Number of protein chains: 2
Amino acid sequence: MKIGFSELMSMDAVEIRDLIRTGAYRSHTAGLGQGKLQANLAILPEAFALDFMRFCQRNPKPCPLVGVSDTGDPTMSTLGRDIDIRTDVPAYCVYENGELVDIRFDIVDLWNDDFVAFALGCSFTFEHALLAAGISLWHIDNNKTVPMYRSNIDTFAAGPFKGPMVVSMRAIDQDHLSRVVEISRKFPMAHGSPVHWGDPTAIGIRDIDLPDWGNAGPIRDGQVPVFWACGVTPHAAIEQALLPICITHKPGHMLITDVDDVAEVPVFRSIHPQTQKRKRD
Amino acid sequence: MKIGFSELMSMDAVEIRDLIRTGAYRSHTAGLGQGKLQANLAILPEAFALDFMRFCQRNPKPCPLVGVSDTGDPTMSTLGRDIDIRTDVPAYCVYENGELVDIRFDIVDLWNDDFVAFALGCSFTFEHALLAAGISLWHIDNNKTVPMYRSNIDTFAAGPFKGPMVVSMRAIDQDHLSRVVEISRKFPMAHGSPVHWGDPTAIGIRDIDLPDWGNAGPIRDGQVPVFWACGVTPHAAIEQALLPICITHKPGHMLITDVDDVAEVPVFRSIHPQTQKRKRD
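Given the structure is predicted, the values throughout are model-derived calculations rather than measurements.

Section: the interface of chain B and chain A
For step 1, the next point in the chain: On the chain A side, the residues contacting the 46 residues of chain B number 46 residues.
For step 2, the next point in the chain: Here chain B packs against chain A, burying approximately 4000 Å² in sum over the two surfaces, 57% of which is carbon and sulfur.
For step 3, the next point in the chain: Our enumeration of links across chain B and chain A arrives at 16 residue pairs in polar contact (both at pLDDT 80 or more).
For step 4, the next point in the chain: If you list the elements that add at least two residues to the side of chain B that touches chain A, you get helix H3 (49–58), strand S2 (65–68), helix H6 (177–185), strand S8 (196–197) and helix H8 (273–278) of chain B.
For step 5, the next point in the chain: No other element matches the 6 residues that H3 of chain B contributes to the side of chain B that touches chain A.
For step 6, the next point in the chain: Looking at the side of chain B that touches chain A, its residues break down into 23 nonpolar, 12 polar and 11 charged.

In structure tokens form, the structure reads like this:
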């Protein structure tokens, strides 16, 4: 089955998850399920779950925790209708002792009663809001991956999880800076406001043209490099913890939830109709 | 040592915690440590900690988790300088199997290597913001406790933690309603926007004059009852879980943190000076 791009763009989150679940769609999720929160995924054995939750709670900007499963239960009912985390992400990376050992389209046969799934907010949400406000983003205009760097900002450790904060950089016109800060601050589930702007060396980045991940982009006259806490931070923290097993989404291949990306809290089925009505305030 | 009210009001959070730690101050914390986040406390055995964190994550409006200790470690370094959770709260309630068995001024001899301490945001924060915006609150003007009710809104359960959402009610002038919603929404660490306003029976409250906790107050002509998710919710969820032991703050006797109550994230020692500068945006 071949699905056209415009057809994909017109589908809601449930329809796209259905395609993903059946294997009919296995690509990245940028721009899909418009208006719904997308999330990074980390699946860990229960023995590490409490420390990982502590790590997320203590580092909410790089690790905005939006959902957590019961142990052994692959559903994530606070994030959407009938989400099955074993099948509803387009592609998964499997790590053993910190090493990537497999990339898969589902993890049905890997799932076990000891796993806990964590969903973390991602930058797609605030990028949509910036674009909607007329702020252009070079990596999107040029179909590149945002450049990411290991900074010298330390995370607050929890158990085996620790390490530097990874930051993503977007070049912003000086005139737009305060508006960009203000807009992104409205999305605490998507890294919130920047952690730094201006001189990259102030946060330990020696060469802005040599990102640790993603593609370097230009910083034009009148632009300032703006750095946000990045969702690669928890992945780096997990990697160095050398867990016996860990499963993540493949970069760019996110879980599309049923939670509105402007929702006040990351909980599907709002607790009361009035909250629903007000949530786009 | 007798400390005058004006002297207390002029002290910062660290100075007040010092008084509390040494036993020189053992009363409620309303209005103290102005501008700093105050927090409810729950201390549980580690075996229940993961489920309790899940409960908080799934119910962020009644249970805004702002800090969590390492197991057995009484410090809470993300919340402030040298916080010792065994001594820095003015009064504690000790529960065994869901029953209150003791009220104490410190828990040094009760603390053990198996305990995890949780701090949760409280309504003081948004009430300050409402007062600062010129919105008067009857229970404060009249030195009463805000009325609280068990609603028919269910929380999302996690392990043994479950039950109805408890809500607090403040009567608000109809003209101020949208402003009140907007202001309180800015404080996700303090219950955020209301969960309901208007007809109390819509959320299962049969008699507004008979609160389950606190004091009933008048709803005058032109006023509407406005209901917020309440920090009693996690306490009720813990109580019905009949844990072998659990320690909480005594109502009104909160932990005063070093985190600004308008901070974007509940983490003391902001990750970068610029975030510090911007945090009152």
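A short note on empty space enclosed by the protein
For step 1, the next point in the chain: Per the counting criterion, the structure on display carries 6 cavities of 30 Å³ or more.
For step 2, the next point in the chain: Along its surface, the largest cavity is lined by 32 residues, and Pro60, Leu65 and Pro266 of chain A together with Pro60 and Leu65 of chain B are the ones closest to its centre.
For step 3, the next point in the chain: For the lining of the largest cavity, the secondary structure elements donating two or more residues are helix H3 (49–58) and strand S2 (65–68) of chain A together with H3 and S2 of chain B.
For step 4, the next point in the chain: In terms of residue class, the lining of the largest cavity is made up of 22 nonpolar, 6 polar and 4 charged.

Section: the state of the cysteines
Linking two cysteines covalently through their sulfur atoms gives a disulfide.
For step 1, the next point in the chain: Counted under the stated rule, the structure contains 0 disulfides over all chains.
For step 2, the next point in the chain: Summary of cysteine pairing: cysteine 246 of chain A is not part of a disulfide, and the nearest cysteine sulfur, belonging to cysteine 93 of chain A, is at 9.5 Å.
For step 3, the next point in the chain: Just so you know, cysteine 63 of chain B is unpaired, no disulfide at all, and the nearest cysteine sulfur is the one on cysteine 56 of chain B, 4.8 Å from it.

Re the relation of the copies chain B and chain A
For step 1, the next point in the chain: Mapping chain B onto chain A is achieved by rotating through 180° and translating by 0.0 Å along the same axis, at an RMSD of 0.0 Å. The symmetry that links the two subunits is that of a two-fold axis. Relative to the rotation axis, the C-alpha of leucine 50 of chain B is the closest in chain B, positioned 2.6 Å from it.
For step 2, the next point in the chain: In this assembly, 100% of the residues forming the interface of chain B have copies in chain A that are likewise at the interface, indicating an isologous arrangement.

A short note on the pairing of strand S5 (residues 115–121) of chain A
Residues and elements named next belong to chain A.
For step 1, the next point in the chain: Where burial is concerned, most of S5 is hidden: 7 out of the 7 residues are buried.
For step 2, the next point in the chain: Here strand S1 (residues 36–45) pairs with S5 via 7 bridges, running antiparallel. From the neighbouring strand, leucine 44 faces S5, where its bridge partner is valine 116.
For step 3, the next point in the chain: Pairing of S2 with S5 involves 3 bridges; the strand directions are antiparallel. Within S5, the position partnered with glycine 67 by the bridge is alanine 119.

Considering the sheet that holds strand S6 (residues 148–154) of chain B
Residue and element names in this part refer to chain B.
For step 1, the next point in the chain: Sheet architecture is open: 4 strands sit in the order S6-S7-S9-S8, paired in antiparallel fashion. Each edge of the open sheet is held by one strand with a lone partner, namely S6 and S8.
For step 2, the next point in the chain: Contacting strand S7 (164–173), S8 and strand S9 (223–229), H6 crosses the sheet at an angle of about 15° to S9.

Quick look at unusual backbone geometry
For step 1, the next point in the chain: Phi at asparagine 97 of chain A takes a positive value of approximately 50°, unusual for a residue other than glycine.
For step 2, the next point in the chain: When you line up the elements, asparagine 97 of chain A lands in the loop between strand S3 (92–96) and strand S4 (99–104).
For step 3, the next point in the chain: Phi is positive for histidine 191 of chain B, close to 80°, though the residue is something other than glycine.
For step 4, the next point in the chain: Topologically, histidine 191 of chain B is positioned in the loop between H6 and S8.
For step 5, the next point in the chain: For histidine 191 of chain B, a relative accessible area of 3% corresponds to the buried category.

Some thoughts on the side chain of asparagine 59 of chain B
Residues and elements named next belong to chain B.
For step 1, the next point in the chain: Inspection of the secondary structure puts asparagine 59 in the loop between H3 and S2.
For step 2, the next point in the chain: At 2.8 Å, the side chain of asparagine 59 and the backbone oxygen of phenylalanine 156 are in polar contact.
For step 3, the next point in the chain: Ignoring sequence-local partners within four residues, the contact set of asparagine 59 consists of Thr155 and Phe156.

Points about the packing of H3 of chain A against H3 of chain B
Two quantities define a packed helix pair, namely the angle between the helix axes and the distance between the axes.
For step 1, the next point in the chain: Axis separation between H3 of chain A and H3 of chain B bottoms out at 9 Å; the angle between their running directions is 40°. One way to sum up the angle between H3 of chain A and H3 of chain B is to call them oblique. Taken as a pair, H3 of chain A and H3 of chain B cross one another with a handedness that is left-handed. Contacts from Ala49, Leu50, Met53, Arg54 and Gln57 of chain A in H3 of chain A reach Ala49, Leu50, Met53, Arg54 and Gln57 of chain B in H3 of chain B.
For step 2, the next point in the chain: Among the residues forming the contact of H3 of chain A with H3 of chain B, the class breakdown is 6 nonpolar, 2 polar and 2 charged.

What counts and how
- Within each chain, residues carry numbers counting from 1 in the order of the written sequence.
- Each chain is given a letter, starting from A, and each ligand a number, starting from 1, according to the order in which they appear as written.
- This being a predicted model, a pLDDT of at least 70 is required before a residue's local features are given, and a value of 80 or more before pairs of side-chain atoms are given or counted; all residues contribute to the totals for chains, interfaces and linings.
- To get the side-chain values, take all heavy atoms of the structure and skip hydrogens and water.
- Contacts are assigned to residue pairs that have any heavy atoms within 4.5 Å of one another.
- A simple way to read buried area is as the amount of 1.4 Å-probe accessible surface that goes missing from two parts once joined, with both sides added.
- Between N or O atoms, a polar contact is any pair within 3.5 Å; within protein, one atom must be a potential hydrogen donor and the other a potential acceptor, and residues adjacent in sequence are included only when both atoms are from side chains.
- Elements are defined by DSSP. Helices are runs of H or I of four residues or more, strands are runs of E of two residues or more, and each kind is numbered from the N terminus.
- For this classification, Asp, Glu, Lys and Arg are treated as charged, while Ala, Val, Leu, Ile, Met, Phe, Trp, Tyr, Cys and Pro are nonpolar and the rest, including Gly, are polar.
- We place a 1 Å grid over just the protein atoms. Points where a 1.4 Å probe fits but has no way out form a cavity, open points with protein on both sides within 12 Å along at least 5 of 7 lines form a pocket, and any residue with an atom within 4 Å of a point lines it.
- Grid points are joined across faces, edges and corners, and a volume is the space filled by probe spheres set on the points.
- The criterion for a disulfide is a pair of cysteine sulfur atoms lying within 2.5 Å.
- In this comparison the copies share one frame, found by least squares on the C-alpha atoms of residues holding pLDDT of at least 70 in both.
- Per-residue accessibility, obtained with a 1.4 Å probe over protein chains only, is compared with the maximum for each type, and a residue is labelled buried under 20%, exposed over 50%, and partly exposed between these values.
- By the convention used here, strands pair only if DSSP detects at least 2 bridges between them.
- For helices, the fitted line uses only the C-alpha atoms of the stretch in contact; every axis is such a line through C-alpha atoms, and the angle between N-to-C directions lies from 0 to 180 degrees.
- Here is the rule for angles: anything less than 35 degrees is roughly parallel, anything more than 145 is roughly antiparallel, 65 through 115 is roughly perpendicular, and the remaining ranges are oblique.
- Rotating anticlockwise by less than a right angle from the far helix to the near helix defines a left-handed crossing, while the corresponding clockwise rotation defines a right-handed one.

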